Amino acid sequence: MLKRLLSLAAALAIAATAFPFASFASEARSDGTTSEYTKTAYSENAAIVDDKVFSVSYPVVFSDGFDPGEYSSSIDSCAKILRKAFASRQRSVSVKFVTDNSDNSAVWREVYDYAVKHTGVPNEGDYISGGFAECSGSCAYYFSNGLYYYELIYEPRFFTTAAQEAELAAEIDRVLGKLNLWNKSDYEKVKGLYDYITQNISYDFANLNNSGYKLKHTAYAALMNKTAVCQGYAMLFYRMALELGVDARYITGIGEGGAHGWNIVKIGDYYYNIDATWDASMIQGGDKYHYFLKCPQSFDSDHTRDSSFTTKAFNSSYPMAPQDYGSDGKWILKSSGWYLYINDVMQTGWKLDCGKWYYLGSNGVMRTGWQLLGGKWYYLNSNGAMA
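Chemist: I would appreciate a short explanation of the packing of aromatic side chains in the present structure.
Modeler: Two aromatic rings are characterised by how far apart their centres lie and by the angle between their planes. If you walk through the whole model with that rule in mind, you get 30 aromatic pairs. Taking the centre distance of 5.2 Å and the plane angle of 75 degrees together, the rings of Tyr271 and Tyr318 count as edge-to-face. Here Tyr271 is found in strand β12 (residues 270–274), whereas its partner Tyr318 is found in the loop between α10 (312–317) and β14 (330–334), with 47 residues between them in sequence. Judged by its relative accessible area of 4%, Tyr271 is buried. Residue Tyr318 is classed as buried on the basis of its relative accessible area of 10%. When the ring of Phe314 is compared with that of Tyr318, the centres are 4.7 Å apart and the planes differ by 35 degrees; the resulting orientation is tilted. The pair formed by Phe314 and Tyr318 is uniform in burial state, with each residue classed as buried. Lying over the aromatic face of Tyr114, Lys117 brings its terminal NZ or CZ to 3.9 Å of the ring centre. For the cation-ring pair, Lys288 lies above Trp357, with the distance from its terminal atom to the ring centre recorded as 5.2 Å.

Written out as structure tokens, the structure reads:
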């Protein structure tokens, strides 16, 4: 039996968007000496990218009593241990994994990726991966009879503490209780949640260029402090949508030339794009929604996904709607006027139908002529469509 020691390090630079996993610089050594890796740090304005070199020493030593029975060949079992530790904001966790794969960095990353994949559980998946400031790690292994017995160590650094997460969970329960969306349709859940976020959370311009203030990237900052950057908006929607039983994902990419984050959310058989960050500024400025439940054709002109969200596998798992939600709404003429119903729910406010904007009063009746809405004048044609 050959006993070997390996020191390696990795970093996740995950802020307002997804970033390339930092490179591994690993060496097979017997003395646990220092290895170096490069971390790419991100600033919210997407104009500052720092390349910093960190030195990390992990003298990982196996105990003399090596027991192969302590090692699992199930990546799912190892990932569950990591997932639980990450969700509780544990600062160091190790798992024991046996495989025939000799690529130590690939094994370390594979187990990590499996641990943070989307599960549909509100405080897992994108909520975990989007909550990292960085994640460093190391591994050591035994090699015997063609198998590598790895001890994989993960040392995450999160934007929030366990105490803050507990505080956030309680506030989410309170807000959802107040919104009372539990027995509503998925559309009503999404709309009610989106209305709450866009009307109550403002963009954190004060800390936009403060690279030392990481809390701005979190759902905690969005809900507790009522101010965050795009990642905070999107993380909050992701977390609360899943709490309501509506599937959603956190998407990262480029928005109007800068790093940006938004969501996709499932209603019916399809997923739709939403951007609560940008629509919050619209609503709070007296305008209407421009980025709510959009199909790719009407959303992608100023949003470009990162490559990990454009793969055939991702698109197959998350089929996007061929048209904006509500484009197949049903118009019904009653004695008091025209009403728009989507999934048998009467609509109010601004609605986009077949590429045209309509305004429906609080009683559901379609408005026409000059209308003063949100402090601005709009002219709606006799058919209700905005001129």
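Chemist: Looking at this structure, I do not really get the side chain of Glu171. What am I missing?
Modeler: As for its placement among the helices and strands, Glu171 is situated in helix α4 (residues 162–179). Ignoring anything within four residues of it in the chain, the contact list for Glu171 reads Leu223 and Met224.

Chemist: Looking at this structure, how should I read unusual backbone geometry?
Modeler: Keep in mind that most residues, glycine aside, have a negative phi and that most peptide bonds are trans. Here Asn180, not a glycine, exhibits a phi torsion of approximately 55 degrees, which is positive. Looking at the secondary structure, you find Asn180 in the loop between α4 and α5 (186–200). Non-glycine residue Glu256 carries a positive phi angle of around 50 degrees. Among the structural elements, Glu256 can be located in the loop between β10 (248–255) and β11 (258–267).

Chemist: It is not clear to me how the sheet that holds strand β15 (residues 337–342) should be interpreted in this structure. Could you clarify?
Modeler: Within a sheet, each strand pairs with its neighbour through backbone hydrogen bonds, oriented either parallel or antiparallel. Taken in spatial order, the 3 strands make up an open sheet running β14-β15-β16, and their pairing is antiparallel. Because the sheet does not close on itself, it has two edges, and the strands there are β14 and β16 (345–346). Direction of pairing for β15 relative to β16: antiparallel, over a ladder of 2 bridges. Directly across from Tyr341, in β16, lies its bridge partner Met346.

Chemist: It is not clear to me how the pairing of β11 should be interpreted in this structure. Could you clarify?
Modeler: For a regular strand, side chains alternate in direction, first toward one face of the sheet and then toward the other. β11 sits mainly inside the fold: 9 of its 10 residues count as buried. The sheet contact formed by β10 and β11 spans 8 bridges and is antiparallel. Bridging from a neighbouring strand, Ile254 pairs with Ala259 of β11. Count of turn residues in the β10/β11 antiparallel hairpin: 2 residues, of which Glu256 carries a positive phi of about 50 degrees. The pairing of β11 with β12 spans 5 bridges and is classified as antiparallel. Paired with Asn263 across the two strands is Ile274, which belongs to β12. The hairpin turn running from β11 into β12, its antiparallel successor, is 2 residues long, and Gly268 in that turn takes a positive phi close to 70 degrees.

Chemist: What should I look at first to understand the pattern of salt bridges in this one?
Modeler: Charged atoms that come close allow side chains of opposite charge to pair. Across all of its chains, the model carries 11 salt bridges by this definition. Of the charged contacts, one joins Glu70 and Lys96 as a salt bridge, the two residues approaching to 2.7 Å between their closest N and O atoms. Linking Glu70 in the loop between β4 (49–56) and α1 (75–87) with Lys96 in strand β5 (residues 93–99), this pair joins segments that are 26 residues apart in sequence. With a relative accessible area of 43%, Glu70 lands in the partly exposed category. You can call Lys96 partly exposed: its relative accessible area is 27%. For Glu165, the salt bridge goes to Arg89, with nearest N and O atoms at 3.4 Å. Here the residue Glu165 occupies a position in helix α4, and Arg89 occupies one in the loop between α1 and β5, the gap between them amounting to 76 residues. The class for Glu165 is buried, based on a relative accessible area of 10%.

Chemist: What's the story with the sheet that holds β10 in this structure? I'm lost.
Modeler: An order of β12-β11-β10-β13 is seen for the 4 strands of this open sheet, with the pairing classed as antiparallel. Two strands in the sheet have a free side with no partner beyond their single neighbour: β12 and β13 (303–305). Between one strand axis and the next, the sheet turns through 45 degrees on average, direction left out of account. Relative to β10, helix α7 (residues 230–243) is tilted by about 160 degrees, and along the sheet it contacts β10, β11 and β12.

Chemist: Looking at this model, I keep getting lost on the nonpolar core. Mind explaining?
Modeler: For soluble globular proteins, nonpolar side chains are generally found buried alongside one another. Judged by nonpolar contacts, the single largest core of 61 residues is most densely connected at Ile197, Phe237 and Leu293. Here this core takes 9 residues from α7, the largest share from any one element. Ranked by size, the runner-up nonpolar core spans 25 residues in total, among them Ala85, Phe86, Val93 and Leu152.

Chemist: Explanation requested: the side chain of Thr99 in the structure shown.
Modeler: On the secondary structure map, Thr99 appears in strand β5. Residue Thr99 is classed as buried on the basis of its relative accessible area, which comes to 15%. Within the structure, Thr99 has its side chain in polar contact with the backbone nitrogen of Asn101 (distance 3.1 Å). The contacts of Thr99, once residues within four sequence positions are left out, are Val107, Leu147, Tyr148 and Tyr150.

Cut-offs used in this document
- Residues numbered from 1 in each chain as written.
- Predicted model: local features only at pLDDT ≥ 70, side-chain atom pairs only at ≥ 80, totals over all residues.
- Heavy atoms only, no water.
- Phe/Tyr/Trp six-rings, centres within 6.5 Å; stacked < 30°, edge-to-face > 60°.
- Helix = DSSP H or I, 4+ residues; strand = E, 2+ residues; numbered from the N terminus.
- Buried < 20%, exposed > 50% of the residue type's maximum accessible area, 1.4 Å probe, protein only.
- Lys NZ or Arg CZ within 6 Å of the ring centre and 35° of its normal.
- Contact = heavy atoms within 4.5 Å.
- Pairing = 2+ DSSP bridges.
- Salt bridge = Lys/Arg side-chain N within 4 Å of Asp/Glu carboxyl O.
- Axes fitted to C-alpha atoms, helices over the stretch in contact; angles between N-to-C directions.
- Core = buried A, V, L, I, M, F, W, Y, C linked by side-chain atoms within 4.5 Å.
- Polar contact = N/O pair within 3.5 Å; in protein donor to acceptor, adjacent residues only side chain to side chain.

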